[in-house]
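Here is how the chains run, residue by residue.
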Amino acid sequence: MEAIAHQGSRTPREFGGPLGAAALMLLLPATVFHLLLVARSGPARLLGPPPYLPGLGALWSPPALLLWLAWLGLQLALYFLPARKVAEGLELKDKSRLQYPINGFRALVLTALLLGLGVSAGLPLGVLPEMLLPMAFAVTLTAFLFSLLLYLKALVAPASALAPGGNSGNPIYDFFMGKELNPRICFLDLKYFCELRPGLIGWVLINLALLVQEAELRGSPSLAMCLINGFQLLYVGDALWHEEAVLTTMDITHDGFGFMLVFGDLAWVPFTYSLQAQFLLHHPQTLGLPMASFICLIKAIGYYIFRSANSQKNTFRKNPSDPSVAGLETIATATGRQLLVSGWWGWVRHPNYLGDIIMALAWSLTCGTSHLLPYFYVLYFTALLVHREARDEQHCLQKYGLAWAKYCRQVPYRILPYIY
């Protein structure tokens, strides 16, 4: 264990090391609360101060905490339902492979059915938007407590279970990055559960509640609100339908499960990704059919690039002999794996990121151009993907060496052709 910690201490620390990690643990929750406050304010200034600073009485709400715990309980129950498939993850340090239930899309559908039954029985879904602030506070408290428990659990985990980047020896940095790679309680994989379930499906629920409240206030939901709900439901549904693909992402294979991912999955996703719907509830936008059609076209282009690129990569990883990818050019690596150097992945190194950014732009355009606030997501997400791409590059260079350098020479552009 000491050798592992000493080795980790020599590893370059991301996010500015311990000081950066400590700052982010304050900055990320503050950003969530800032966005929640300014979205409902009249000026809706992204860069200005919030309209007021809420007191503890406005943040702490036992009903909000109970609602959050009930939501977690529901998603946990759906996680343990029989899965349409049980997939194996990548090989770990000890040569073992963990098993994961592939039933996220079923969880989404069953959640929708249960929600429909609840609304028909009188569930006041439209009051949820008024609880977003105390809900975010409850989730933030949960994220800190959960991260502490994960940190303590990792102290007694075997060395083979530790993450490569979260064992520097500095407790603040390791608390943020996560010490253990795949913390589990029996069959429940805590990181895998949080990655796509409570926060992602919760994002859809918040959007729907905002649409319901808009319909109650104005008689019917606006076209812009309907587009946002449709676009983002498609995005979440796609992620859950292709749930198995998350098993090869850096979040699952490389990053430890600490505050960074815990807060991101449980709090950041539902409360900041629903920002456009929050904005539209308090700042209605008139969207004509020509502009709506143009936005739908942008969304369709982004989704096509995103889904086609990811499908090509996942098909190749599963079966390089598949007819749809068998003819693609590849580069052999010392690990025995092949790098795609044609198709989408011969165009740019991360075509799926490009599709993601184009879709994000479409979401923001539904909110008009009078405010910068709805564009926070596309600005943040672009910065996130550029940073993630840099991490991917470093990881792939270490893993594939000369083969990766050759790939970069053949495919010089990282995300945006001829620009970046």
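Our subject is the structure that appears above.
Positions within a chain are numbered from 1, following the residues in the order the chain's sequence is written. With pLDDT at 70 or above as the cut-off, local features in this predicted model cover only qualifying residues; side-chain atom pairs require 80 or more to be listed or tallied, and sums for whole chains, interfaces and linings still use all residues. Just so you know, side-chain values use all the structure's heavy atoms and leave hydrogens and water out.

Student: Can you walk me through the layout of surface pockets in this structure?
Tutor: Sizing a probe to match a water molecule and rolling it over the atoms shows the empty space that remains. Both site types are read off a 1 Å grid over the protein atoms alone. A 1.4 Å probe that fits but cannot get out defines a cavity, while an open set with protein on both sides within 12 Å along at least five of seven lines defines a pocket; lining residues have an atom within 4 Å of a point. Grid points are joined across faces, edges and corners, and a volume is the space filled by probe spheres set on the points. Taken as a whole, the second largest pocket holds about 460 Å³ of empty space. Runs of E in the DSSP output that reach at least two residues are strands. Runs of H or I that reach at least four are helices, and both are numbered from the N terminus. Sorting the residues of the lining of the second largest pocket by element identifies α4 (62-79), α5 (104-120), α6 (132-154), α9 (198-218) and α12 (259-272) as the ones contributing at least two each. When residues are grouped by polarity, Ala, Val, Leu, Ile, Met, Phe, Trp, Tyr, Cys and Pro land in nonpolar, Asp, Glu, Lys and Arg in charged, and all others, Gly among them, in polar. Partitioned by chemical class, the residues of the lining of the second largest pocket number 21 nonpolar, three polar and no charged.

Student: Looking at this model, I keep getting lost on the packing of aromatic side chains. Mind explaining?
Tutor: Only rings of Phe, Tyr and Trp enter the pairing, Trp through its six-membered ring, and a pair is recorded when the two centres are within 6.5 Å. The plane angle decides the type: under 30 degrees is stacked, over 60 is edge-to-face, the rest tilted. As enumerated under the stated definition, the model contains 30 aromatic pairs in all. Measuring from ring centre to ring centre gives 5.9 Å for Phe-376 and Tyr-380, while their planes differ by 5°; the resulting arrangement is stacked. Of this pair, Phe-376 and Tyr-380 both sit in helix α16 (residues 376-400), separated by four residues, roughly a single helical turn. Given the relative accessible area of 15%, Phe-376 is considered buried. Above the plane of the ring of Tyr-100 lies Arg-184, whose end atom (NZ or CZ) is 4.9 Å from the centre. Any residue under 20% of the maximum accessible area for its type is buried, any over 50% is exposed, and the rest in between are partly exposed; the area is computed with a 1.4 Å probe on protein chains only. We count a charge as sitting over a ring when the NZ of a lysine or the CZ of an arginine lies within 6 Å of the ring centre and within 35 degrees of the ring normal.

Student: Any chance you could explain the packing of helix α10 (residues 223-241) against helix α15 (residues 351-365) here in plain terms?
Tutor: Direction vectors running N to C along α10 and α15 enclose 160°, while the axes themselves pass 10 Å from each other. Comparing their axes, α15 and α10 come out roughly antiparallel. Handedness of the crossing formed by α10 with α15: left-handed. Two secondary-structure elements touch here, α10 through Ile-228, Phe-231, Gln-232 and Tyr-235 and α15 through Asp-356, Met-359, Ala-362 and Trp-363. In terms of residue class, the contact of α10 with α15 is built from six nonpolar, one polar and one charged. Note on geometry: axes are C-alpha line fits, over the in-contact stretch for helices, and angles between N-to-C directions span 0 to 180 degrees. What sets the label is the angle itself: under 35 degrees gives roughly parallel, over 145 gives roughly antiparallel, 65 to 115 gives roughly perpendicular, and the rest give oblique. Each crossing gets its handedness from the near helix: less than a right angle anticlockwise from the far helix is left-handed, clockwise is right-handed. Any two residues whose heavy atoms approach within 4.5 Å at even a single point are treated as in contact.

Student: Quick question: what am I supposed to make of empty space enclosed by the protein here?
Tutor: Overall, the coordinates contain two cavities of 30 Å³ or more when judged by the stated rule. The computed volume of the largest cavity comes to approximately 50 Å³. In this structure, the largest cavity is lined by Leu-36, Ala-39, Arg-40, Pro-129, Leu-132, Leu-210, Gln-278, Leu-281 and His-282. Elements that contribute at least two residues to the lining of the largest cavity include exactly α2 (17-39) and α13 (275-282).

Student: Where do I start with the state of the cysteines in this structure?
Tutor: Here a disulfide denotes one covalent bond, and it connects the sulfur atoms of two cysteines. Two cysteine sulfur atoms form a disulfide, by the criterion used here, when they sit within 2.5 Å. Enumeration over the complete set of coordinates arrives at zero disulfides. Note on Cys-194: no disulfide assigned, nearest cysteine sulfur contributed by Cys-186 at a separation of 16 Å. Judged by relative accessible area, which is 4%, Cys-194 ranks as buried. Of all cysteine sulfurs in the structure, the one in Cys-296 sits closest to Cys-226, which takes part in no disulfide; the separation is 11 Å.

Student: Whenever I open this one, the pattern of salt bridges confuses me. Can you help?
Tutor: Between side chains of opposite charge, a pair can form when the charged atoms approach closely. In the sections that follow, a salt bridge refers to a side-chain nitrogen of Lys or Arg positioned within 4 Å of a carboxyl oxygen of Asp or Glu. Taken as a whole, this structure holds twelve salt bridges when the rule is applied. Among the ionic pairs, Arg-388 bridges to Asp-251, the shortest N-O distance being 3.3 Å. With Arg-388 in helix α16 and Asp-251 in helix α11 (residues 250-253), the pair connects residues that are 137 residues apart, well separated along the chain. Salt bridges linked by common partners bring Glu-14, Asp-255 and Arg-391 together as one network.

Student: Explain the side chain of Arg-391 to me, please; I cannot follow it from the model alone.
Tutor: As for its placement among the helices and strands, Arg-391 is situated in helix α16. Since its relative accessible area comes to 8%, Arg-391 is described here as buried. Every residue in contact with Arg-391, bar those within four places of it in the chain, is listed here: Glu-14, Met-250, His-254 and Asp-255.

Student: Teacher, can you tell me more about α4 here?
Tutor: Each turn of an α-helix holds 3.6 residues, which means side chains three or four residues apart point in the same direction. How far a helix is expected to stretch is found by multiplying one less than its residue total by 1.5 Å. Taking 1.5 Å of rise per residue, 18 residues should cover 26 Å, and α4 covers 26 Å from first to last C-alpha, within 8% of that figure. When α4 is considered as a whole, its buried residues turn out to be Ala-64, Trp-68, Trp-71, Leu-72, Gln-75, Leu-78 and Tyr-79. Within α4, the buried residues cover an arc of 125° as seen down the axis, which keeps them to one side. Of the exposed residues in α4, those oriented more than 90 degrees away from the buried face are Pro-63 and Leu-66. The arc under discussion is defined with respect to the helix axis, by the directions toward the C-beta atoms.

Student: Please explain a nonpolar patch on the surface as it appears in this structure.
Tutor: In this scheme, patches are assembled from residues that exceed 30% relative accessible area and form no salt bridge. Like charges are connected within 9 Å, while nonpolar side chains (Val, Leu, Ile, Met, Phe, Trp, Tyr) are connected within 5 Å. Here the Shrake-Rupley method, with its probe set to 1.4 Å, supplies the accessible areas, and only the displayed protein chains count as covering residues. Residues Leu-145, Leu-148, Leu-149, Leu-152, Leu-155 and Val-156 make up a contiguous nonpolar surface patch of roughly 590 Å² in combined accessible area. Assignment of secondary structure puts Val-156 in the loop between α6 and α7 (171-177). Given a relative accessible area of 73%, Val-156 falls into the exposed group.

Student: Help me understand the environment of Pro-51, please; the structure alone is not making it clear to me.
Tutor: Mapped onto the fold, Pro-51 is located in the loop between α2 and α3 (56-59). Overall, the relative accessible area of 47% leaves Pro-51 in the partly exposed class. Between the alpha carbons of Pro-51 and His-34 there is a distance of 9.2 Å; along the sequence they are 17 residues apart. Look past the residues within four positions of Pro-51 in its chain and what remains in contact with it is Leu-37, Val-38 and Ser-41.

Student: Honestly, the packing of α16 against helix α17 (residues 402-410) in this entry has me stumped. Any pointers?
Tutor: When two helices pack together, their arrangement is given by the angle between the helix axes and the distance between those axes. Here α16 crosses α17 at 130°, and the two axes come no closer than 6 Å. Here α16 lies oblique to α17, going by the angle between them. Contacts between α16 and α17 involve Glu-393, Cys-396, Leu-397 and Tyr-400 on the former and, on the latter, Leu-402, Ala-403, Trp-404 and Cys-408. Looking at side-chain class alone, the contact of α16 with α17 contains seven nonpolar, no polar and one charged residues.

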